[in-house]
Amino acid sequence: MAAPEAIQVSSLPLPPVQYINLYTDENVRRGRAPRPPPPIHDTYSMFGNVFNADDTIIRPLEAQGIKRLYPQHFDRRRELKKLNHSLLVNFLDLIDLLVQCPDSPRRAEKVEDLSLLFIHIHHLLNEFRPHQARETLRVMMELQRRQRIETALRFQKHLDKVQEILQHALQMLPDTSDLDSKLAINTDAMESIDNMGSEQQTPDPCSLSDHIMCETIDDMMSTNGLF
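Anyway, here's the lowdown on the structure attached to this text. All values derive from a computational prediction rather than experimental measurement.

Calculation criteria
- Residues numbered from 1 in each chain as written.
- Predicted model: local features only at pLDDT ≥ 70, side-chain atom pairs only at ≥ 80, totals over all residues.
- Heavy atoms only, no water.
- 1 Å grid on protein atoms, 1.4 Å probe; cavity = no way out; pocket = protein on both sides within 12 Å on 5 of 7 lines; lining within 4 Å.
- Points joined across faces, edges and corners; volume = space filled by probe spheres on them.
- Helix = DSSP H or I, 4+ residues; strand = E, 2+ residues; numbered from the N terminus.
- Nonpolar A, V, L, I, M, F, W, Y, C, P; charged D, E, K, R; others polar.
- Patch = residues over 30% accessible without salt bridge, like charges linked within 9 Å, V, L, I, M, F, W, Y side chains within 5 Å.
- Areas by Shrake-Rupley, 256 points an atom, 1.4 Å probe, with all protein chains shown as cover.
- Salt bridge = Lys/Arg side-chain N within 4 Å of Asp/Glu carboxyl O.
- Buried < 20%, exposed > 50% of the residue type's maximum accessible area, 1.4 Å probe, protein only.
- Pairing = 2+ DSSP bridges.

1. What about the layout of surface pockets?
- Quantified by volume, the largest pocket comes out at close to 440 Å³.
- The set of elements that each furnish at least two residues to the lining of the largest pocket consists of strand 1 (43-46), strand 2 (49-52) and helix 4 (106-126).
- With 4 residues, helix 4 is the single largest residue contributor to the lining of the largest pocket.
- Partitioning the lining of the largest pocket into residue classes produces 8 nonpolar, 7 polar and 3 charged.

Here you go:
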């Protein structure tokens, strides 16, 4: 039985189709595509929370009305480990509480504690986002630099090959002195051929009867042994 084909799943949801259809190549080329929305300069709402455009990208916990569980100056790795341990302990306490006394009011307190721990872990992880962005940019630039160096090396190899072919073609060309001598011989031959042609084309001043008389006298003299 053939294995089913793998289905590619995007990590981000697709934008609305009615929005995509407005940005076709024809609309973009003719300037008919809608302009992007203007930037927001005041407050806005996102995921049910109100944000201010002047706020920092990662707001401190106090600005969000959340009690901080770790000091101002801390080691993020160490605090994340402590929060992870606290999360595990509180989760086990909640399970034990649900087993022994499900109706206890402490159940809601444990849920609040777990929620607060998750918020702190999420906040600490978000504080690594600027570092992650810088590292991602550095890796992208390093990759582009490596690709450009490889392209330059390939171009240099092709250039060297072309120069080698041209040099070989120049070496295979005959010497200029041999060309001049052959050219002179060909010129003399052409001149002699031209002269012969001109001599053959020159009309003979003697008449036909004179030619016949001369040939007859030559035959008689050769017969009598005078020549």
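From this point, things continue past the structure.
2. Some words on a nonpolar patch on the surface
- On the surface, L88, F91, L92, I95 and V99 cluster together to form a nonpolar patch covering roughly 490 Å² of accessible area.
- By secondary structure assignment, the location of F91 is in helix 3 (residues 76-100).
- F91 gets classed as partly exposed once you look at its relative accessible area, which sits at 42%.

3. Some words on the pairing of strand 2
- As paired elements, strand 1 and strand 2 share 4 bridges and run antiparallel to each other. If you follow S45 over to strand 2, its bridge partner there is V50.
- Between strand 1 and strand 2, which pair antiparallel one after the other, the connecting turn spans 2 residues, and F47 there sits at a positive phi close to 55°.

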